[in-house]
Amino acid sequence: MSEFKYACPVCGQHIKCDSSQAGTTMECPTCFQKIIVPQAPATADPKFIITGTKVGERPVLAAPVEVVKPVTEKHSPLAAIAFVVVLGVAVAVAFVFRGKIFSSSGGQTNQVATTRDGEQIPPPQPPRPALVAPPANDTNWMLDLSAAAIPESMAAGRVHGKNFISARTILDGGTLTMAMPAHGPTESGLSIYFSVPQGAGLAGQAINITSDITNAVRVRLRWRDDQQQNKTQDFHAGYALQIQFGQVAGNRLPGKIYLCTPDDEKSYVAGTFSAEIRKPKPKAPGASPGTKPSTQTGEGPGAVNTNWTLDLDEAVIPDTPAGGKVHGRLFTAERMVLNSDGLTLRTAEFPPTAGITVYLHPNPIESVYGKSLVFEPNTPGAPAVYLRWKNAQGQEIDDVKNAGYALRIEFGNPVSNYIPGKIYLCTPDELKSYVVGNFNAEIVKPASK
């Protein structure tokens, strides 16, 4: 047995192997292509390098060369003189018409071809290399942001145990989504639900969420299982996230991301991205928040509520002013306040025609900036939610809910003396009260002593 070298047909990497491995399949250490090992060369000259065959391609067989012995013929001097004359004429013609003969040949290999009409045809572009996710490496996964390093390469990693690279990144409203492949149904990816009504509001922001923060913004992983069924997993806490957004350029927002989630497969995504900013869809005319017009005769807007659900995974917060129905009364929030008691959304008059107050303790004002609060129907220690409405006699009525409701509040960062956000609230009363949409609450701090 003797050793020899051969070249990878894809990247040209020289690979050393033994003659006994001829015909077997090996993997290129550089581009990871599967290669069929060629037969050992007949010569031991180290300068002679043969090339392997990529798996799936047929090897090029060299045509047999027939060796023909030269036949000695006798030529007369006249034939030799005639040959010299003809050769001289051919050289003279080639010199005179060299511009036409060689105008489309020779020189660089990327010259532009020309049609009969004189239109130039650009040379074919070389195929783009396939996107390859980085190999699995546990050192890429850590929940300590102080030790995290964001690479300058395209955002990539692993999602639920499978290699992932962000082939498309979209910022739709306040939701950042990374997915692969670039087109068609998503095979794997993630979504981060930020508490801003428009994605452009994230420009220039740096967001750091450590694993000890509770009720953080929701992170959802998406993937397909072995049966090609779509699967998702949500995280509201326990993960480590660092995002650095750049400035808007056209309809794109660049940035960097480092995300590690506490699932058993240690999913992570790190690198750079350029997110396409999607504009919100136009609002349907005449629609109330969380409702759609009824198709039944005699029923007005709000008679059919399509947003009421206690399953927050199915909840959708519309991009409309906060409002809904409280004890059967339709309303749009006109008075919005965040104070040391909590968040209040109600109509302008007092007592209000309808409204709600979520009592957040202790002193939630600074502690809720940039946070998302999520309470499932079975969440222990959920805050009290007061429903308020005016009865037929104009008196204010309260109904308190200490559990059993579904609530999501996504607070932004304060601007001047106001804080933007989104809310989704559904309570289990017989009339199925709900409040959904955007708010911009006035921050009212207690008077200093």
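Below, the structure is looked at part by part. (Residues numbered from 1 in each chain as written. Predicted model: local features only at pLDDT ≥ 70, side-chain atom pairs only at ≥ 80, totals over all residues. Heavy atoms only, no water.)

**With respect to the overall build of the chain**
Right, so step 1: The number of helices and strands found in the chain is 2 helices and 32 strands.
Right, so step 2: Taking all 449 residues of the chain together, 36% fall into the buried category.
Right, so step 3: If you take every contact in the chain between residues at least 6 apart in sequence, the share linking residues at least 24 apart comes to 54%.
Right, so step 4: Within the structure as shown, the chain displays about 26,900 Å² of accessible surface, and the carbon and sulfur contribution to it stands at 55%. (Helix = DSSP H or I, 4+ residues; strand = E, 2+ residues; numbered from the N terminus. Buried < 20%, exposed > 50% of the residue type's maximum accessible area, 1.4 Å probe, protein only. Contact = heavy atoms within 4.5 Å. Areas by Shrake-Rupley, 256 points an atom, 1.4 Å probe, with all protein chains shown as cover.)

**Some thoughts on the sheet that holds strand E3 (residues 25-27)**
Remark on secondary structure: sheet strands pair via backbone hydrogen bonds, oriented parallel or antiparallel.
Right, so step 1: Taken in spatial order, the 3 strands line up as E3-E4-E6 in an open sheet, and their pairing is antiparallel. Either end of the sheet is taken by a strand with one partner, and the two such strands are E3 and strand E6 (53-54).
Right, so step 2: Judged from the 3 bridges that link them, E3 and strand E4 (residues 34-36) form a sheet pairing that is antiparallel. Among the inter-strand pairings, Thr25 is bridged to a residue of E4, identified as Ile36. (Pairing = 2+ DSSP bridges.)

**So, the packing of aromatic side chains**
Right, so step 1: Under the defined criterion, the tally for this structure stands at 3 aromatic pairs.
Right, so step 2: Between the aromatic rings of Tyr359 and Tyr386, the centroid separation amounts to 5.1 Å while the plane-to-plane angle is 70 degrees, which identifies the pairing as edge-to-face. Residue Tyr359 is located in strand E26 (residues 354-359), and its partner Tyr386 is located in strand E28 (residues 385-390); the two are separated by 27 residues in the primary sequence.
Right, so step 3: With centroids separated by 5.9 Å and ring planes inclined at 75 degrees, the aromatic side chains of Phe411 and Phe439 adopt a geometry described as edge-to-face. Taken as a pair, Phe411 in strand E30 (residues 406-411) and Phe439 in strand E32 (residues 434-443) lie far apart in primary sequence, 28 residues in all. A single burial state applies to Phe411 and to Phe439, both of which are buried.
Right, so step 4: In this arrangement the basic side chain of Arg218 is found over the ring face of Tyr193, its NZ or CZ atom lying 3.9 Å from the centre.
Right, so step 5: The ring of Trp308 carries the charged tip of Lys432 above its face, separated from the ring centre by 4.8 Å. (Phe/Tyr/Trp six-rings, centres within 6.5 Å; stacked < 30°, edge-to-face > 60°. Lys NZ or Arg CZ within 6 Å of the ring centre and 35° of its normal.)

**Structural notes on the nonpolar core**
Right, so step 1: Counting 33 residues, the largest nonpolar core has Leu176, Met178, Ile192, Tyr239, Ile243, Phe245 and Ile257 as its most contacted members.
Right, so step 2: The element contributing the most residues to this core is strand E19 (residues 268-278), with 4 residues.
Right, so step 3: Filtering out sequence-adjacent residues up to four positions away, Tyr239 remains in contact with Leu143, Ile209, Thr210, Ser211, Ala216, Val217, Val219, Leu259, Cys260, Thr261 and Pro262.
Right, so step 4: In terms of nonpolar packing, the next biggest core, distinct from the first, is built from 31 residues, Ala322, Leu373, Tyr405 and Leu425 among them. (Core = buried A, V, L, I, M, F, W, Y, C linked by side-chain atoms within 4.5 Å.)

**Points about the environment of Gln233**
Right, so step 1: Inspection of the secondary structure puts Gln233 in strand E16 (residues 230-235).
Right, so step 2: With relative accessibility at 27%, the residue Gln233 sits in the partly exposed group.
Right, so step 3: Residues Gln233 and Leu221, 12 residues apart in the sequence, show an inter-C-alpha distance of 5.2 Å.
Right, so step 4: Setting aside its immediate chain neighbours within four residues, Gln233 contacts His160, Val219, Arg220, Leu221, Trp223 and Asp263.

**Examining the pattern of salt bridges**
Right, so step 1: If you walk through the whole model with that rule in mind, you get 11 salt bridges.
Right, so step 2: For Glu27, the salt bridge identified is with Lys34, shortest N-O distance 3.5 Å.
Right, so step 3: By relative accessible area, which is 42% here, Glu27 ends up partly exposed.
Right, so step 4: Lys34 gets classed as partly exposed once you look at its relative accessible area, which sits at 44%.
Right, so step 5: One salt-bridge network, held together by shared partners, links Arg218, Arg220, Asp234 and Asp313. (Salt bridge = Lys/Arg side-chain N within 4 Å of Asp/Glu carboxyl O.)

**So, the pairing of strand E24 (residues 335-338)**
Right, so step 1: Pairing of E24 with strand E25 (residues 342-346) involves 4 bridges; the strand directions are antiparallel. Opposite Met336, over in E25, you have Leu345 as the bridge partner.
Right, so step 2: From the end of E24 to the start of E25, which pair antiparallel, there are 3 residues.
Right, so step 3: Here 2 bridges tie E24 to E32, and the two strands are oriented parallel to one another. Each bridged residue has a counterpart across the sheet, and for Leu338 the counterpart in E32 is Ile443.

**Considering unusual backbone geometry**
Right, so step 1: The residue after Met180, namely Pro181, is reached through a cis peptide bond having omega 5 degrees.
Right, so step 2: Mapped onto the elements of the fold, Pro181 is located in the loop between strand E12 (175-180) and strand E13 (188-193).
Right, so step 3: The phi dihedral of His160 falls on the positive side, at around 55 degrees, and the residue is not glycine.
Right, so step 4: Positionally, His160 belongs in the loop between strand E9 (156-159) and strand E10 (162-165).
Right, so step 5: Its identity as a non-glycine residue notwithstanding, Lys266 has a phi of 55 degrees, on the positive side.
Right, so step 6: Tracing the backbone shows Lys266 in the loop between strand E18 (252-260) and E19.
Right, so step 7: The exposure class assigned to Lys266 is partly exposed, which follows from its relative accessible area of 36%.

Shape descriptors only; they carry no functional weight alone.
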